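Residues per chain, in single letters:
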Amino acid sequence: MAADLRQSQLEHLHSRYVGTIHPDINKYDWLTNQHRDTSASIIGHPPLHSYMALADGESKARVKFELCERMLQPCGPPPEKEED
Amino acid sequence: MHLYNLTLQPSSNVIASVVGQFSGVKQQEIVLAKGGRIELLRPDTQTGKIVTVLTQEAFGVIRSLTSFRLTGGTKDYLIVGSDSGRIVILEYVTKTNTFFKLHQETFGRSGSRRIVPGQYLASDPKGRAVLIGAVEKSKLVYILNRDAAANLTISSPLEAHRPNGIIHSIVGVDVGFENPLFASLEVDYSESDQDPTGEAFEKAEKALTYYELDLGLNHVVRRWSEPVDPRSNLLIQVPGGYNQNTERWDGPSGVLVCSEDYITYKHQGQNEHRVPIPRRLNPIENENERRGTLIVASVLHKMKNAFFFLVQTEDGDLFKITIDHEEEDVKAVKIKYFDTVPVATGLNILRAGFLFVASEFGSQYLYSFQKLGDDDDLPEYSSQDYPGNGAEELPELPFFTPRPLENLIQVDEMVSLDPILDAKVLNPLGADSPQIFTVCGRGARSTFRMLRHGLEVQEAVSSDLPGVPNAVWTTRLRKEDEFDSYIILSFVNGTLVLSIGETIEEVSDSGFLTSSPTLAVQQLGHDALLQVHPLGVRHILADKMVNEWATPTLPNGEPTTIVATTSNERQVVVALSSNEIVYFELDMDGQLNEYQERKGMGARVLTMSMAECPEGRQRTPYLAVGCEDSTVRIISLDPDSTLASISIQALTASPSSICVAEMNDVTIDRNHPTLFVNIGLQNGVLLRTVLDPISGQLTDTRTRFLGSKPVRLVRVKVQGQSSVLALSSRSWLSYAYQSRMHFTPLIFETLDHAWTFSAELCPEGLIGVIGSSLRIFTIPFLGTKLKHDTIPLSYTPRCLASNPDKPNLAYIVESEHRTLSPEAKTKRLSELGRELKPHERGVLDLDPAEFGFVRAEAGQWSSCVRVVDGVASQTTFRLELEGNEAAFTASIVPFSAANDEPHLVVGSAVDTYISPKACKAAYISVFKLTGGGRGLELVHKTEVEDVPLALKPFQGKLLAGIGKTLRLYDLGKKKLLRKCENKNFPTAIVSLSSQGTRIVVGDMQESILFVTYKPNEGRLIIFADDILPKWTTCAIMLDYETVAVGDKFGNLSVLRLDAAVSKSVEEDPTGLTILHEKPYLMGAPNKLNQLAHYFVGDVVTSLSKVSLVAGGREVVMYTGLSGTVGTLIPFVSKEDVDTLSTLEMHLRQENDSIVGRDHLAFRGSYVPVKSVIDGDLCETFGLLTQQKQASIADELDRKPSEVNKKLAQLREANTGF
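The following refers to the structure shown. (Residues numbered from 1 in each chain as written. Chains lettered and ligands numbered in written order. Predicted model: local features only at pLDDT ≥ 70, side-chain atom pairs only at ≥ 80, totals over all residues. Heavy atoms only, no water.)

This part is about the nonpolar core. One finds B:Y4, B:L1140, B:L1143, B:L1147, B:C1178, B:F1181 and B:L1207 to be the most contacted residues of the largest nonpolar core, which totals 38 residues. Sorting elements by how many residues they give to this core places helix α7 (residues 1134-1150) of chain B first, with four residues. Ranked by size, the runner-up nonpolar core spans 37 residues in total, among them A:L67, B:I167, B:M450 and B:I791. (Core = buried A, V, L, I, M, F, W, Y, C linked by side-chain atoms within 4.5 Å. Buried < 20%, exposed > 50% of the residue type's maximum accessible area, 1.4 Å probe, protein only. Helix = DSSP H or I, 4+ residues; strand = E, 2+ residues; numbered from the N terminus.)

Attention shifts here to a negative patch on the surface. All names here are of chain B. A cluster of like negative charges, contributed by E178, E326, E327, E328 and D329, occupies part of the molecular surface. Looking at where D329 falls in the secondary structure, it is placed in strand β29 (residues 329-340). D329 sits in the partly exposed class, given a relative accessible area of 43%. (Patch = residues over 30% accessible without salt bridge, like charges linked within 9 Å, V, L, I, M, F, W, Y side chains within 5 Å. Areas by Shrake-Rupley, 256 points an atom, 1.4 Å probe, with all protein chains shown as cover. Salt bridge = Lys/Arg side-chain N within 4 Å of Asp/Glu carboxyl O. Lys, Arg positive; Asp, Glu negative; His and termini not counted. Charge placed at Lys NZ, Arg CZ, Asp CG, Glu CD.)

Residue and element names in this part refer to chain B. Burial in helix α5 (residues 1059-1067) covers these residues: V1061, S1062 and V1065. The buried residues of α5 all sit within an arc of 100° when viewed along its axis, so they share a single face. What points out from α5, more than 90 degrees from its buried face, is the exposed set A1060, K1063 and E1067. Its buried side turned inward, α5 meets β83 (998-1003), β84 (1008-1014), β85 (1019-1025), α6 (1072-1075) and β89 (1086-1087). (Arc of directions from axis to C-beta. Contact = heavy atoms within 4.5 Å.)

Moving on, we come to the environment of B:E226. All names here are of chain B. Inspection of the secondary structure assignment puts E226 in strand β18 (residues 219-228). Overall, the relative accessible area of 30% leaves E226 in the partly exposed class. Sequence-wise, E226 and L185 are 41 residues apart; in three dimensions their C-alpha atoms are separated by 9.8 Å. Those residues in contact with E226 that lie beyond four places of it in its chain are K206, A207, L208, K266 and E272. Side-chain polar atoms of E226 contact the side chain of K266, separated by 2.4 Å. (Polar contact = N/O pair within 3.5 Å; in protein donor to acceptor, adjacent residues only side chain to side chain.)

Residues and elements named next belong to chain A. Running from N to C, helix α2 (residues 27-44) and helix α4 (residues 60-70) point in directions that differ by 160°, and their axes come no closer than 9 Å. By the angle between their directions, the pair α2 and α4 is classed as roughly antiparallel. With respect to the hand of their crossing, α2 and α4 are arranged in left-handed fashion. Side by side, α2 and α4 meet where H35, S39, I42 and I43 of the first sit next to K64, L67, C68 and R70 of the second. The class makeup of the residues in the contact of α2 with α4 is four nonpolar, two polar and two charged. (Axes fitted to C-alpha atoms, helices over the stretch in contact; angles between N-to-C directions. Parallel < 35°, antiparallel > 145°, perpendicular 65-115°, else oblique. Left-handed = near helix turned anticlockwise from the far one by under 90°. Nonpolar A, V, L, I, M, F, W, Y, C, P; charged D, E, K, R; others polar.)

The subject of this paragraph is the pairing of strand β5 (residues 50-57) of chain B. All names here are of chain B. Strand direction decides the pairing type here: strand β4 (residues 37-43) and β5, joined by seven bridges, are antiparallel. Residue pairing across strands places L40 opposite L54, the latter belonging to β5. Linking β4 back to β5 in an antiparallel pair, the connection comprises six residues, with G48 at a positive phi of about 75°. (Pairing = 2+ DSSP bridges.)

Summed over all chains, the structure comprises 82 salt bridges over all chains. Residues A:E69 and B:K206 are paired through a salt bridge, measuring 2.6 Å at the closest nitrogen-oxygen approach. Placement of A:E69 in helix α4 and of B:K206 in strand β17 (residues 206-214) is noted, with the two residues assigned to different chains. For B:K206, a relative accessible area of 2% puts it in the buried group. A salt bridge links B:K920 to B:D911, with the shortest nitrogen-to-oxygen separation between them at 3.4 Å. One salt-bridge network, held together by shared partners, links A:D56, A:E58, B:R280, B:R291, B:D315, B:D317, B:R818 and B:R855.

As a further point, take the interface of chain B and chain A. Between chain B and chain A, the residue contacts involve 60 residues of the former and 43 residues of the latter. Carbon and sulfur atoms supply 57% of the area buried between chain B and chain A, which totals about 4,300 Å² over both sides. Across the contact surface, chain B and chain A share 11 salt bridges. With its nearest N and O atoms 3.0 Å apart, the salt bridge here joins B:D193 to A:R36. Where chain B touches chain A, the interface holds 23 residue pairs in polar contact (both at pLDDT 80 or more). Those elements that place two or more of their residues in the side of chain B that touches chain A are β6 (62-68), β15 (165-173), β16 (181-188), α1 (190-194) and β19 (232-237) of chain B. (Buried area = accessible area lost by both parts, 1.4 Å probe.)

To continue, consider the pairing of strand β42 (residues 486-490) of chain B. Residues and elements named next belong to chain B. Across the five residues of β42, five count as buried, placing the element largely inside the fold. Judged by which residues are buried, β42 turns out to be covered on both faces: Y486, I488 and S490 on one side and I487 and L489 on the other are all buried. Both strand β41 (residues 471-475) and β42 contribute to a ladder of five bridges, which runs antiparallel. Residue W473 lies in a different strand from β42, and its bridge partner there is I488. Pairing analysis gives five bridges linking β42 to strand β43 (residues 495-500), with the strands arranged antiparallel. Bridge pairing in β43 links S490 to T495. Count of turn residues in the β42/β43 antiparallel hairpin: four residues.

Turning our eyes to something else, we now look at unusual backbone geometry. Residue and element names in this part refer to chain B. Note that the residue after D418, namely P419, is joined by a cis bond; omega there is -10°. Residue placement: P419 occurs in the loop between β35 (408-414) and β36 (420-426). A cis amide bond links S915 with the next residue in sequence, P916, at an omega value of -10°. Mapped onto the elements, P916 comes out in the loop between β75 (901-910) and β76 (921-930). Although it is not a glycine, N97 sits at a positive phi angle of roughly 55°. Locating N97 in the fold gives a position in the loop between β8 (86-93) and β9 (98-106).

In short, shape yes, function no, at least from these values alone.
Written as C-alpha cells, this is what we have:
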C-alpha cells in the first residue's frame, strides 16, 4: 500500500518536472531528454543562440525554429518495447 | 589569486525591443534588452536621432520583454522574462531616471530551463493580463489590475499548462473587452515518443490553441484548437474588438500564422485566408534544396481607422500586410513588398513616423517613413485571388526582386560591436594605451575595427593664423544671445578680434584693446563685455563706452601687472604682480565696483578660478587661488567675509591651472550638482577635489596623470552640460554622462588652448588652437568611450592573425556558409545554358551589404583571405578562395627553415558541413609575405585529414591542431613536413598557446590539456588536464603554470598546474617517466587546479594579457561575442580583496537585481563563482542612497567617498576607462 502511494507520488512528481530521470530510464529516453534540454537552453541563452546562428550562416529566427522543431523527436523514433 | 572583473564596453546585442510611453507622457520611447542590460532610448522626433536615456544592469539573462498599459492609463509598464524564475514588472521613474521594480512574483526554478517560464511573454492588448511561457509545457497567466489607491496589482498565477507540448510562439489575441485570450502555437510530442514506427512523428500536428482567461471564474480554459501548417513558426496579433468611440470594429481579431512561404489568417468561427510570401527571384537557386521563406519579425501599426503589419523575412525583406474587413468578417488578406532592411530580432514603429530596426547582428537603425507603399506599381497579392481564399490549396509563390529603399530612409544608426569574432590588442600607433583590433559583424556587413580608448572628435573647420596665439576665447554680446559673436585671439604683442557671421572677419570697432595681449574675456551682466589685459580691466558697455580700471603703480613709478584673473558674468577677480588680489562685483546698475580692500597673498598667484554665477544669485561664494608656494587657497567672496581665507590645500607641485565647475555626479549627490575644484599641476598631474558648499573645505581628492606638459583647464559646454577640458600632452574631457562622472581622452591632436564655440552652423562646438592653426570641432558621442576606425569586410570573419614585426597589419580569414562564391555563381550561370535577360537576373546583381548574399544550401561556402592595414584603414590584399574552400584559422609563423622569415599559414577545408561536422578535404596553406607583409603569395598547400582549427608558431615550426591530432610541421619545399604528433586528444583542438617547450591545448569539449615537447625524442606528451569539462573557445597562458580559459557557455576560469608537477616534467629529459605514468580519472596523470571561475554571460571569443595604461599592471582583457569588452584585474593586496569582497557581499543584499536574479547564482550559473569580484556590481555602490552608502561604508570602516574613490582608482589605474 505504502509502496503504491510512493509510486503514485513519484509519478506525479515526474509528470510535474518534465525531464527528471528515474532509475529504470533507458538510453533513448535519457538522450531525448538531454537533447530537448540542450535545445531549450540554447534558445534561452541569447549569446549561445547567436553563436549557433553565426557558425551556420543562418538567421537567429531560423535557428530557433529548427531547434524547436528538433525538440519534437531529437533522436529518432523510440526503440521497440521489449515484451516482459 | 583574486580577480576583479570590469566591463569596459557592455554587450550590444539586442534580444528584445518594445515601444511605449514609459515616462507617462506623449513621447514614445523604446526599451531594449541588450545582453544583460535594459536600455531606454528616446528618439528625437525632430532630428531623428536616438538618445540613450538610461542603461541599467540587470545581472541576469534577459530573454523577453513586453509592455502593457492598464485600461484608461497613460503610462506603459515593462514586463521582463529572464532566467530568474520570476516575473517582474518595471516602471520607469523619470525623477530618478531608473527602472523601479513594482512587482516580482516567483514561479519556478532559476536558469534558462526547458519548462521554466520566461522565454515567451504575451500581454493582453487591453492590459488586463499577461502570459509567461516556457519552451515546453508551462504557461502561467497573471491578472493585472488596480487597487483602490490606483496602484498596479498582480494576481497569483493561473496555470495554462500543456503537458508534452513544445511551444513555438505565444501572442495575446485582441478581443476588445471580452475575456482575455491568448493564442499559442504548439506541438504535442507524447504520441511520437511512444511510437517506434515513426508514423506518429510524421503525423504530428502543430496546433493553434486559444487559451481564454475567464475573469469571472478566475480560471484559464483551452477554448479552441486547430491544426495549422506543420512548418509554422510565428503568430501575429490582429486588432479586434468593438470600439465605443468610433462605433465600429477595430478589426476582425484573430491571428496571422506565419509558416514557411505562407501567411494564414485564422480565428475561431472565421474563414481561413492564406497569402503566399513572394520569393526572391534567383535563377540559379537549387530547387531541390530550397527551403521556404521564414518570417523572423513583425510589427503591427494601428492608425485611427486602419492598421497594417510589416513582416520581415530571413533575407531582410519587409512586406506590408493589410486586412480588408467588414465589421468582424475578413474579406481579404493582402501582401506587398515594402523595402529591405537588415534582418531584425525586433521591429518597432513609432507614431511620429519612424521604424526602429533592432538588428539581430550589428548596428541598430532608425528609419523614417517616406510613404506607406500605397502608390507604387508593385504587385499586391490578395487572398481573394486564390480559390477558397487561398485556404484550399497552397497558392503558387510569386517572384519579386528587391530594390533599394523607397518607402523608408535611414535617419540614425546606433553603432555596435556585436558580434566580435576575434580580437588582438596591439599598439601600432605607439600611443600611451594600446589599440584593440577586432573583427566584427556578419555577412557582407562585417567589419574590421581598430578601437581606441577616447572620445571621437569631429573637426568642422581648420584654418591657419598669422602667428601663434597664446589664448583663444569666444563671447556673446548679450546675455540672451543664442550664439557667440566674437572670437578673440591673444598674441604676444596684441589681440585679434574676429566676428562670426557668414564669414569670419576681423572687427575694428569692438571696443577691445588690440595693442596688448589679453588675459581674459567675459560677457558681463546684461549686455556688456569685459577684457582683462596685463595693465588693466576694460569694461565695454553696450554703446561701446569703455570704463577702464588701470593697475596701481608701484612706489618706483612702474605699474604693476595683472598675473592671473578669473571672472564670471557678475564677478571679476585679478591678481597683481605685487601678490595682491583685487575683487570686482557688478552692481544692480551694471557698474563694476572694486572692493575697497585688496588681499595680500604672500606668494605669487599663478592661477585662479571661480564657478559660474548660480542662476538668480548675485555671486558665487568661493574663489580658488593657486599660488607659487604649491598651495591652493579657497577664499570667500561672501559679503560678510569678503576675501577671507577659508581653507588651504598643499600640493606636490606648483599649480598651473585651476577650474571650478559644477557637475552632476550621483555618487556624491543625487539631487544637486557638485562643485568640483580641478587643479592642474606643472608636472602634468590633475587633482580633482570636491568643494564642500557649506564649509568651503576641499575633500575627496582624486589624482590622475594626464601627460608630460603642464595642465591647462578650461570650463566648456559639451552637449549642453558643463564639462572641463584638460589640456596637457593629451587632451582630456571631464564630463557627466547619465549622471556619472567620466574622464576620457579626446582622440585629436594636442590642443594648446580651447574654448566653447557656438554658432548657427555648429551650435555645440569647441574652438581650439594647435600651433598656429585654429580648429573648430565637436564631440558627437559622449556615450561611447571607444573610437572605431572601420574597414568593411566581405564575409563573416573567422580569425584574425597579427604580424609581430608589423603590428599595423592584420591578416583576416573570412568565410560565409550557405552562400554561393563568385566562382560557384558563374558556374551555375553557365550551367543554365543561356544568357539571362536583365529582368531575369533577380538577386544576382544586388549589393550584398544591403540585401544579403545570394542564399544557397548547406555545404556551400564563400571565403577569402585578406590583409588590412589597420592604421591606414585600408585593405592591401585580398584573395578569394575557390573550389568551395572555406578558411577557418590563420597564424603568422616565422619558419626557422626559411631564415625566420614570417609566413602566413591558413587552415581551410573543402565542402564543409557544420552539423554533423564533415569535410571532403582539408588543407594547411602556407603563404609568403610580399611587399613588406602587405601582400601574399601561395607557397604550397598540404592536405590534412580534418579541419585545422588551431595553428601556432612553435620553436621556428608550425604547431597545428587538426581534429584530435596535435602535430608539429616544418616548412618543406613542396609540402609541410611532419615532425611529430600526438593523436590522443578528446574531441578537437581549438586553441593552442605555448611557452618554452610547454604547450597548452584547448579542447573543444574537454577543457585544457598541458603538453610538453621533448625535442630529442620528438615526443608531444600530455601530462595534465582539467577535471571539469569546458567547451573551450580560447585560452592564454598567464605564466608558465597558469592558463586563463574562456568557454562557449560564457565562463572565464583560471587553471594552474601544481609547481612540483611542473618541475618534475621539466626535469625529465626524455619524457619516458611521464609517458608511463598511470592515468588518473581516465585522463592525464596530473590534474589542474581551478583558481578562479566567473560567469561573464557572453561567449568569450578572445583573451589577451595586456597593460591598458602606460606603466600600468597587466590585466586580462576579453571580448565577448555580443560585443562585450571586459577585463579581469588581478588584486595586489589582500586588504583590497577583503574590502571589496565585503562590499560585494553587502551590495548583493542591497542591490536587488531588476529582473530578480540572485547575483551569486547568476555569476555561478555553471560553476560556482570563485575568487572573482564583480566590479560592475561594486560600482553600483555609488547609485545607492546616501544612507545606504553610509551604512555599508560603515561596515567596511570607511567613508562612502573613500569607497567610491577606491572603486574609481581600481578602474582608472588598471584600465584607464
